[in-house]
Amino acid sequence: MGKQNLSMTGYYDLLMQDVRFREGLTACMNCGVCTAICPAAEFYKYDPRQICNLVQTRDDNKIEELLKSDTIWYCGQCMSCKTRCPRGNVPALIISVLRKVSQELGYFTQSEKGRQQFAIKRTVGDNIINTGYCVHVDHVNPKLHPEQGPVWKWYVENAEEVADRLGANYNKEGGGALRKISQKNLDEVKKIFDVTGGSELYGDIEKFSKEVADKFKMSFEKEGINNEYFFHTYIENSNNHQK
Ligand code: SF4
Ligand code: SF4
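Residues numbered from 1 in each chain as written. Chains lettered and ligands numbered in written order. Predicted model: local features only at pLDDT ≥ 70, side-chain atom pairs only at ≥ 80, totals over all residues.

This part is about the overall build of the protein. When you go through the protein residue by residue, the secondary structure sums to 14 helices and zero strands. The burial tally for the protein puts 24% of its 243 residues in the buried class. By sequence separation, contacts in the protein at least 24 residues apart represent 61% of the contacts at least 6 residues apart. (Helix = DSSP H or I, 4+ residues; strand = E, 2+ residues; numbered from the N terminus. Buried ≥ 20, exposed ≤ 12 C-beta atoms within 10 Å, placed from the backbone. Contact = placed C-beta atoms within 7 Å.)

As a matter of local geometry, ligand 1 sits amid 14 residues, with C38, C75, C78, C81 and A92 nearest to it. Of all the elements in the fold, those that place two or more residues in the shell around ligand 1 are α4 (39-43), α7 (80-84) and α8 (91-105). Classifying every residue of the shell around ligand 1 by side-chain character gives eleven nonpolar, three polar and no charged. (Near = placed C-beta within 6 Å. Nonpolar A, V, L, I, M, F, W, Y, C, P; charged D, E, K, R; others polar.)

This part covers the domain arrangement of the protein. One can read the domain layout of the protein as domain 1 (3-105) and domain 2 (112-235). Just the C-alpha atoms count here: the centres of domain 1 and domain 2 sit 27 Å apart. Across the contact, seven residues belong to domain 1 and seven residues belong to domain 2. Class assignment of the residues belonging to the side of domain 1 that touches domain 2 gives a composition of two nonpolar, two polar and three charged. (Domains from an automatic or database assignment.)

With respect to spatial proximity, 14 residues lie near ligand 2, and among them C28, C31, V33, C34 and C85 are the closest. Those elements that provide at least two residues to the shell around ligand 2 are α3 (33-37) and α5 (48-56).

Moving on, we come to unusual backbone geometry. Of note, Q77 is a non-glycine position whose phi angle comes to about 55 degrees, a positive value. The topology assignment puts Q77 in the loop between α6 (60-67) and α7. Residue classification places Q77 among the exposed residues on the basis of 12 C-beta atoms within 10 Å.

As a rule of thumb, nonpolar side chains are buried together in soluble globular proteins. By size, the foremost hydrophobic cluster in this structure holds 33 residues, and its most contacted members are L15, V55, I94, I95, V97 and L98. Of all the secondary structure elements, the ones that give two or more residues to this core are α1 (11-16), α4, α5, α6 and α8. Top element by residues in this core is α8. It accounts for seven residues. Counting seven residues, the second largest nonpolar core, distinct from the first, contains A119, I205, Y229 and F230. (Core = buried A, V, L, I, M, F, W, Y, C linked by C-beta atoms within 7 Å.)

Put into structure tokens, the structure is as follows:
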């Protein structure tokens, strides 16, 4: 989807340019089976049936509201809805495309859960590019994860010894769990991001997040997590998401 098209078309047409949207929505009959099976709907103010119904109205105002809302960020992409819809729709794919468009247009910065995309990009997202791992013991900071308890701090401090005991290949060349990923393979990962549009999307998240950080008068570094805006998006919680 070329960015030059973003301002020249309605939101529904924009969504339809993505094959996942075309595959994910044929005709929703509003039965609510997806909502009944959806684990996110059990806890959050979230209803995939409503999302499917809303986008198929093709009402641009309502779709814009959705793109700027917390709603599209509650889905856990578990794909349970895919297996149950009697019409063969895939609400999860519709939501994926809504998220992508929200990031491209910068609308994600207008909701709390949307702004958290910056924290995910600067942690898991950058980990993939820099280390080849989404989650790796060296990059799960115990201070950022108190929910892991004191055991995690101990594990991080003794990672090499624990990894050896478990037969892992911690940060060494060759095969096995926790091995060092070669530069050649990291270059390939980066290339995949470049050709699939992932790098461009990362750039959008950075660009629009920087604008908000400036508006909030918070420090914003080009990389890493040592800046006010990162911690703001990491801990911001209105507690207004659950049912
Ligand atoms: S993929 Fe998302 S919408 Fe579908 S069941 Fe899972 S959490 Fe719900
Ligand atoms: S299960 Fe399918 S048809 Fe029923 S509300 Fe969900 S998307 Fe629509």
